[in-house]
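Listed here are the chains, written in short residue letters.
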Amino acid sequence: MKISKYRIFEKSNSMKHIKYIGTMMMAVGMLAATSCSDFDDYNSEHIDVIPEGNQTLWKNISDNADLSNFAKLVEKAGYKDALNSSRYFTVWAPLNSAFKTGEVEQFLELDSAKLLKEFVKNHIADRNYPSSGNVVEKVNTLNKKSYFFDGITFGDVALATPNLPSNNGVIHTMQGRVPFLYNVYENLDNITGCDKLVQYFRKYDLTYLDENASIKGPIIEGIQTWIDSVIVKRNEMFLKDLNVKAESEDSSYTMLLPTDNAWDKAVEKIKPCYNYLASFKWQDLSHADIGNKTASDSKMTAALGGVDMKIDASYYIDSLVNRNIVDYLVYNNNESYNSFLKPEVGTTIGDTLLTTRGRKLTNVANVLTAGVGERQKLSNGWAQKVDSLVFFPWETYNPTIKTRNVGRQVAVKEITNWTMEASSLEYANVTLEDPEEEFTWIEATPATLSGKPELDFYLNNLRSATYNIYVVLVADLQKSEEARLPYSLRFDLSYTNESGALQKKTWGDTKNPVMTDPTKVADTISLGEFTFPICYYGINAAPNLKISHTVTSFTQSNRNKYEQILRVANIILRPVEQDKYIATKED
């Protein structure tokens, strides 16, 4: 091994002092010389250095016959000037023998930008990464990819000759080349058969110059030029809407890639649930024409009244139908629900997937087996092309709606909220849809001793779909089971038909009221199926359900027979498909 003496400059505050390095092994001297990245300060003077150490990276690469293929690719990519500059690099250069027959020609056929990103910058990093000891470092290459370097291998590719010095960096020759892997975002440029997915995401692209990562050139006619301009692309749909850091090499995701056929089939299923009308009437419960808190109860069930609503229906349909496809395509592999998506985990398939938007999907086996071709490895996860999206509708584009959103109250003194632990309920005396950890309800107390409180509930975000309507009513828990009284109720639904006109549907009346079971702590009343002709999701309009007593007045006699205080735990609208599925599972 060649022995060398030389001096280097070292900064101390604002002064430069000469530090003499005595006789040492060449590799150790090289490490000291290359530990700094400022060419002007640290590489301007060398004494008794091997000739290659006085030359630039580009000069040493282009003069090395064993690196002629690498040199051709660097030159085609337009990066030789950067390797001739004062910027300090570490280069992992594949030897000629690292390329299979025809590979160099294939690379040379690429456009220079693609060649630069996917090959040249995949083998170059800023700063000094010497081959020394057993230190394992995570290296970020110029194209933002991350590889582990242990001095023997780089990205699992073995070195041939390490630590070849240059005056602006160090070269490690390699026995192979490091394969470039796309991340979740970059992969959109390279998939085939998924044009509709790609076109959707492209609408949210942002492109800008990263000046901090670029190399400045001279100013020509007052305009800054760049030797190496780093153009960054970012996608707002991934980042802001889906909570996906698609360009982050430190993340790990699995993304489903629906083919155009899968996209079309999904649109066909989803679109009927998003039937918006450009103009229609709805019953705005705050509107003066239909009464207020002090109005008589006849106002609740008299002529519907209503106000005009106008929206850009085509925009809502196009936006929400497509959004209900992409919202469920990406899963964070680091979430505990999704850990089985990592091949190295080796566990059996889980029963629940969690999307990056926090939505849970349970049809996991079918979702993951709808794949077309092999799973594709990415630099930050995996991608799987699918020819069908088999998510359950009620977990995605047509969910169950639950509400206690009071739009108007009549003959009510006050509304109070009550909560108890669901576990304390005697379930033998409960018919409750979807019990949760806490059982919550509202109580509407009558304004007078004989008053009969009535409540209107907004049914927000309903889709144009068929639902089973349930109302969960709560008994007077202050009384014993024997002393509890039933409700005698009427339900009036105000909704908009397919022509945009207001309509009313009624369940129960004085002669045939809807009665509750007084032995139940919480009794779920089923009003049956109902189809809403138009969609209300995401707009400031909604149908409403009025709950009122069928008795004309709460005389002493009626107070002894019927419950007067309205206690409502929930109004639940569940898609009929979900109820049918539940029934098959129970069978």
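To keep things clear, this report deals only with the structure shown in the data block. (Residues numbered from 1 in each chain as written. Predicted model: local features only at pLDDT ≥ 70, side-chain atom pairs only at ≥ 80, totals over all residues. Heavy atoms only, no water.)

1. Observations concerning empty space enclosed by the protein
Consideration 1: Scanning the model with the defined rule gives 3 cavities of 30 Å³ or more in all.
Consideration 2: The computed volume of the second largest cavity comes to approximately 70 Å³.
Consideration 3: Lining the second largest cavity are Ala266, Lys269, Ile270, Asn324, Ile325, Leu389, Phe391, Thr396 and Tyr397.
Consideration 4: Among the elements of the structure, α10 (260-270) and α12 (313-326) are those that each provide at least two residues to the lining of the second largest cavity.
Consideration 5: Top element by residues in the lining of the second largest cavity is α10. It accounts for 3 residues.
Consideration 6: Here the residues of the lining of the second largest cavity sort into 6 nonpolar, 2 polar and 1 charged. (1 Å grid on protein atoms, 1.4 Å probe; cavity = no way out; pocket = protein on both sides within 12 Å on 5 of 7 lines; lining within 4 Å. Points joined across faces, edges and corners; volume = space filled by probe spheres on them. Helix = DSSP H or I, 4+ residues; strand = E, 2+ residues; numbered from the N terminus. Nonpolar A, V, L, I, M, F, W, Y, C, P; charged D, E, K, R; others polar.)

2. With respect to the packing of α10 against α12
Consideration 1: The contact between α10 and α12 brings their axes to 10 Å, and the two run at 120°. If you check the angle between α10 and α12, you find them oblique. Note on packing geometry: the crossing formed by α10 with α12 is right-handed. Residues Trp263, Ala266, Val267 and Ile270 of α10 pack against Val321, Asn322, Asn324, Ile325 and Val326 of α12.
Consideration 2: Taken together, the residues of the contact of α10 with α12 break down into 7 nonpolar, 2 polar and no charged. (Axes fitted to C-alpha atoms, helices over the stretch in contact; angles between N-to-C directions. Parallel < 35°, antiparallel > 145°, perpendicular 65-115°, else oblique. Left-handed = near helix turned anticlockwise from the far one by under 90°. Contact = heavy atoms within 4.5 Å.)

3. Some thoughts on the pattern of salt bridges
Two side chains that carry opposite charge are able to pair once their charged atoms sit near each other.
Consideration 1: Evaluation of the coordinates by the stated rule reveals 25 salt bridges.
Consideration 2: With a closest N to O distance of 2.9 Å, Arg87 and Asp126 form a salt bridge. Remark: Asp126 occurs in strand β4 (residues 124-126) and Arg87 occurs in the loop between α5 (80-83) and β3 (89-94); sequence separation between them is 39 residues.
Consideration 3: Each member of the salt-bridge network shares a partner with another, and the members are Lys117, Lys145, Glu186 and Glu249. (Salt bridge = Lys/Arg side-chain N within 4 Å of Asp/Glu carboxyl O.)

4. Overview of the pairing of strand β34 (residues 566-575)
Consideration 1: Extensive coverage of β34 is indicated by the burial of 10 of its 10 residues.
Consideration 2: The pairing of strand β22 (residues 401-403) with β34 spans 3 bridges and is classified as antiparallel. Directly across from Ile401, in β34, lies its bridge partner Leu573.
Consideration 3: For strand β28 (residues 466-474) and β34, the ladder comprises 7 bridges, and the chain directions are antiparallel. Bridging across to β34, Leu473 finds its partner in Val568. (Buried < 20%, exposed > 50% of the residue type's maximum accessible area, 1.4 Å probe, protein only. Pairing = 2+ DSSP bridges.)

5. Observations regarding helix α7 (residues 112-120)
Consideration 1: Along α7, the positions that sit buried rather than exposed are Leu115, Leu116, Glu118, Phe119 and Val120.
Consideration 2: In this fold, the buried residues of α7 make contact with α4 (68-76), β3, α6 (103-108) and β4.
Consideration 3: By the N-cap criterion, in which a side-chain oxygen at the helix start approaches the backbone nitrogen of a residue two or three places on, α7 is capped by Asp111, the distance to Ala113 being 3.1 Å. (Polar contact = N/O pair within 3.5 Å; in protein donor to acceptor, adjacent residues only side chain to side chain.)

6. A short note on the nonpolar core
Consideration 1: Grouped together as the largest cluster of nonpolar side chains are 90 residues, with contacts concentrated most on Leu197, Phe201, Phe238 and Phe491.
Consideration 2: Residues Ile61, Val74, Ala77 and Leu116 belong to the second largest nonpolar core, which totals 27 residues. (Core = buried A, V, L, I, M, F, W, Y, C linked by side-chain atoms within 4.5 Å.)

7. Regarding the side chain of Ser166
Consideration 1: Secondary-structure assignment places Ser166 in strand β8 (residues 157-166).
Consideration 2: We classify Ser166 as buried; its relative accessible area is 4%.
Consideration 3: At a separation of 2.7 Å, a polar atom in the side chain of Ser166 contacts the side chain of Asn60.

8. Observations concerning the packing of helix α8 (residues 195-202) against α12
Consideration 1: Where α8 contacts α12, the axes come no closer than 11 Å and their chain directions differ by 110°. Judged on the interaxial angle alone, α12 and α8 are roughly perpendicular. In this structure, α8 contributes Leu197, Tyr200 and Phe201 to the contact, and α12 contributes Asn322, Arg323 and Val326.
Consideration 2: Each residue belonging to the contact of α8 with α12 can be placed in one class, and the counts come to 4 nonpolar, 1 polar and 1 charged.

9. Re the pairing of strand β33 (residues 544-549)
Consideration 1: The buried count for β33 comes to 6 of 6 residues, which makes it a mostly enclosed element.
Consideration 2: Burial along β33 is two-sided: Asn544, Lys546 and Ser548 facing one way and Leu545, Ile547 and His549 facing the other are all buried.
Consideration 3: For strand β29 (residues 488-496) and β33, the ladder comprises 6 bridges, and the chain directions are antiparallel. Bridge pairing in β33 links Leu493 to Leu545.

10. Comments concerning α8
Consideration 1: Here α8 has its buried residues at Leu197, Val198, Tyr200 and Phe201. One side of α8 carries all its buried residues, which in axial view fall inside an arc of 160°.
Consideration 2: Considering only its buried residues, α8 is in contact with β10 (205-209), β13 (231-235), α9 (236-241), β14 (253-258), α10 and α12. (Arc of directions from axis to C-beta.)

11. Brief notes about the packing of aromatic side chains
Consideration 1: For the structure shown, the criterion picks out 30 aromatic pairs.
Consideration 2: Ring centres of Tyr200 and Trp263 lie 6.1 Å apart, and the angle between their planes is 50°; on these two criteria the pair is classed as tilted. Placement of Tyr200 in helix α8 and of Trp263 in helix α10 is noted, with a sequence separation of 63 residues between them.
Consideration 3: Where Tyr467 meets Phe532, the ring centres are 6.0 Å apart and the plane angle is 70°; that geometry is what we call edge-to-face. Taken together, the residues span a long stretch of sequence, with Tyr467 in strand β28 and Phe532 in the loop between β32 (522-531) and β33 at a distance of 65 residues. (Phe/Tyr/Trp six-rings, centres within 6.5 Å; stacked < 30°, edge-to-face > 60°.)

12. Focus on the sheet that holds strand β17 (residues 330-332)
Strands belonging to one sheet form pairs held by backbone hydrogen bonds; the direction of such a pair is parallel or antiparallel.
Consideration 1: Spatially, β17-β14-β21-β20 is the arrangement adopted by the 4 strands of the open sheet, whose pairing is mixed. The two strands at the open ends of the sheet, each matched to only one other strand, are β17 and β20 (376-378). With strand direction ignored, the average angle separating the axes of adjacent strands in the sheet is 20°.
Consideration 2: Alignment of β20 against strand β21 (residues 381-386), held across 3 bridges, turns out to be antiparallel. Looking at β21, one finds that Lys377 is bridged to Trp382.

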